[in-house]
Amino acid sequence: MLELYLEKISLLYFKNYFSTEVNFSNQVNIIFGNNGEGKTNMLDAIHYLCLTKSFLNFSDVQNIHPDSNSFLIKGVFNKNEITNEIVCSVEKEQKKVIKKNKKNYEKFAEHIGQFPLVVISPLDFFLINEGSDYRRRFLDGMLSQLNSNYLENLVQYNKVLAQRNSLLKTKQNLNSIEGLLDVYDFQLGQLGNKILEERVKFLEEFINLCNQIYLVLSGNKEIIALEYQGSFASDQLETELVNSRNKDLQIGYTTIGPHKDDLKFLLNNMPIKKFASQGQQKSFLISLKLAQYSIFKNHLNIKPILLLDDFHDKLDASRVGRLIDLLNPQDFGQIFITDTDEKKLIHHFEGKSRDFKLFNLENSTVNEVSFKTLT
Amino acid sequence: MNFPSKLIEDAVNAFASLPGIGKKTALRLTLNLLKREEHEVNAFLSSLQKMKANVGYCKSCNNISDAQECEICTNKQRNHQLICIVADFRDVIAVESTNQFRGVYHVLGGLISPMDGIGPNDLNLENLVDRITKNEATEILLALATTVEGDTTNFYIYRKLKDVNIKISTIARGMAVGEDIEYTDEVTLGRSIINRVPFENTFSSK
Ligand SMILES: [Zn+2]
């Protein structure tokens, strides 16, 4: 198993930070401070270094400090005893630049997967509450990081789909566009069948892991399920697209295919969105993310970096305790945690033999504080 | 940019309307022409006017041509039974510069892309079957860009020709033409023309 951790980060004009440099523990890092001090922004900076973008749905330019025209994030990673310097810089009206060891990437896709990372944050609730595109993006995001072929097929599929939809929007009669639809339906069929096959194969392993983790978090009380809701039968996309041409032409877009499929989340056989408490929903979301962690670890042979934003969000004390037990150093590498209440959090780590550092965030400055001064 | 002369400003704007020419370059070109002899400038302008008035398209292959039929189509030394399908005349230049192709061309004038308002009827496809018959062609070589639009156009032509008894081949995959032309060196492109593969092989194994 390869070791991976972020030794050091420097921020320049990123969000609320002027200029900051922080040295991290290779195990647990706890960042506390009041809301609005920028705890989450520190995690977002780490996300930039690993995955080239924000996880908070902010555009790059929105992350520039109001006094500046650019920001710079520099991180020193240790990957299996080899030091890698990653720099991400954004300047207004310029293209974003990502460098590894002073060398520019031409394609950011080449960077993704080298420094794997998993985030648990209150934003995860979008997966339950929002439309199917959030759930597809989560699934596709995991598969893309594990399998570059999948990403390539997905990109191709979306390009062909956009062309088919443009053709449908012209509202010409079916006879005059049938020849071209034959080609698009063939192309989408080939790509779409493969995408479905990969998703189904991946979910088998993923769902199992989710269940195991949820059982631990809930104290063996409840059973969850994830059901793939396909819009077409496996290996039948081309035929089904041909059959739905009339309907598609009327509506003006393609109504079946992997871009229309969804994931259904169930707790004790009932839809989670309606029938689960917020604590149960949060535990479910943590299970999804920790299952993602586990799959990345197994497939990439590396312990990803784990970000836990707003640790106590919606969790009661017993679930927090079980989560801390799950996050043991045998299974996890470097972890970053933010919370408003350091006392509550430290209490959980007391007596557990693992290295951790505490950081206090006040007035946009980060100060390492010693454990003793707090107890 | 402020100009002391409206005449110079007009000339600068004319140059700057060309792709890839900014205001600074446009000014440099304008001042260069201003310094030249009048007859030189006249010759320069008349070459452009003649080009615009007289360049046409070859009635056989749709390549850019000064005459009704282009020099490639009228060349008896070339193999008229082998037809290479390309998107536009820049691809003809690229394939010609490899010196590895002795057949003739069929220039589509673009690729199928409904997003850009280009359907099959907007391309030079109508007379392809007639041309195959007339030339007694034995092989079609598809040399389109390796983009989704290139793929779609390949498949469209492949299906259009499914009842025609002809060999359909394509340049080796991973070989870039079209959009990527400036990144493609002649040797690689030439090699991929020699090593062309039957089109069916490129998707049945996918
Ligand atoms: Zn010609």
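Residues numbered from 1 in each chain as written. Chains lettered and ligands numbered in written order. Predicted model: local features only at pLDDT ≥ 70, side-chain atom pairs only at ≥ 80, totals over all residues.

A. The arrangement of unusual backbone geometry in detail. Residue and element names in this part refer to chain A. Of note in the backbone geometry, Asp-235 takes a positive phi value of approximately 65° without being a glycine. As for its position among the elements, Asp-235 is in the loop between strand E9 (224-229) and helix H6 (237-243). You can call Asp-235 partly exposed: it has 13 C-beta atoms within 10 Å. (Helix = DSSP H or I, 4+ residues; strand = E, 2+ residues; numbered from the N terminus. Buried ≥ 20, exposed ≤ 12 C-beta atoms within 10 Å, placed from the backbone.)

B. Structural view of the sheet that holds strand E11 (residues 270-271) of chain A. Residue and element names in this part refer to chain A. Spatial strand order, E9-E10-E11: three strands in an open sheet with antiparallel pairing. One side of each edge strand has no neighbouring strand; the edge strands of this open sheet are E9 and E11. Where strand E10 (residues 262-267) and E11 come together, two bridges link them in antiparallel fashion. Looking at E11, one finds that Leu-266 is bridged to Pro-271. (Pairing = 2+ DSSP bridges.)

C. Up close: the packing of helix H5 (residues 174-217) of chain A against helix H9 (residues 278-300) of chain A. Residues and elements named next belong to chain A. Where H5 meets H9, the axes come as close as 8 Å, and the angle between the chain directions of the two elements is 130°. Classified by the angle between their axes, H5 and H9 sit oblique to one another. Helix-helix and strand crossings are classified by hand; for H5 and H9 the assignment is right-handed. Residue-level contacts link Glu-205, Phe-206, Leu-209, Cys-210, Ile-213, Tyr-214 and Leu-217 of H5 to Ser-283, Phe-284, Ile-286, Ser-287, Leu-288, Leu-290, Ala-291, Ser-294 and Ile-295 of H9. Among the residues making up the contact of H5 with H9, the classes are represented as 12 nonpolar, three polar and one charged. (Axes fitted to C-alpha atoms, helices over the stretch in contact; angles between N-to-C directions. Parallel < 35°, antiparallel > 145°, perpendicular 65-115°, else oblique. Left-handed = near helix turned anticlockwise from the far one by under 90°. Contact = placed C-beta atoms within 7 Å. Nonpolar A, V, L, I, M, F, W, Y, C, P; charged D, E, K, R; others polar.)

D. Representation of the domain arrangement of chain B. Split into domains, chain B comes out as domain 1 (6-54) and domain 2 (68-204). For domain 1 of chain B versus domain 2 of chain B, the separation of C-alpha centres amounts to 36 Å. (Domains from an automatic or database assignment.)

E. Looking closely at helix H3 (residues 132-146) of chain A. Residues and elements named next belong to chain A. Here H3 is 15 residues long and its end C-alpha atoms lie 22 Å apart, about the 21 Å a rise of 1.5 Å per residue gives. Residues Arg-135, Leu-139, Met-142, Leu-143, Ser-144, Gln-145 and Leu-146 constitute the buried set of H3. Structurally, H3 contributes buried residues whose contacts are with helix H2 (126-129), helix H4 (148-169), H5, E10 and H9. (Expected span 1.5 Å × (residues − 1).)

F. Layout of the domain arrangement of chain A. Residues and elements named next belong to chain A. By domain assignment, chain A separates into domain 1 (1-116 + 302-375) and domain 2 (129-301). The gap between the C-alpha centroids of domain 1 and domain 2 is 30 Å. In this complex, domain 1 contributes 18 residues to the contact, which on the side of domain 2 involves 15 residues. If one sorts the elements of the side of domain 1 that touches domain 2 by residue count, helix H10 (residues 317-326) sits on top with five residues. Residue classes in the side of domain 1 that touches domain 2 are distributed as 10 nonpolar, two polar and six charged.

G. The interface of chain B and chain A, seen in detail. Across the boundary between the two partners, chain B contributes 13 residues, which contact 16 residues of chain A. Taken together, the residues that form the side of chain B that touches chain A break down as seven nonpolar, three polar and three charged.

H. Spotlight on the confidence of the model for chain B. Residues and elements named next belong to chain B. Averaged over all residues, the pLDDT of chain B is 89; the fraction at 70 or higher stands at 93%. When the elements of chain B are averaged for pLDDT, helix H8 (residues 201-204) gives the smallest value, 74, and strand E4 (residues 103-107) the largest, 97. Scored as a whole, the predicted complex attains pTM 0.82, and scored at its interfaces, ipTM 0.76. (pLDDT = per-residue confidence, 0-100.)

I. Summary view of the sheet that holds strand E6 (residues 167-170) of chain B. Taken in spatial order, the five strands make up an open sheet running E4-E3-E5-E6-E7 (chain B), and their pairing is mixed. Where the open sheet ends on each side, the last strands, each with one partner, are E4 and strand E7 (197-198) of chain B.

J. Representation of the pairing of strand E8 (residues 117-120) of chain A within the structure. All names here are of chain A. Every second residue of E8 is oriented toward a common face, with Leu-117 and Val-119 on one face and Val-118 and Ile-120 on the other, all of them buried. Two strands pair when backbone bridges link them, and E8 and strand E12 (residues 305-308) are joined in this way by four bridges, in the parallel orientation. Bridge assignment links Leu-117 to a residue of E12, and that residue is Ile-305.

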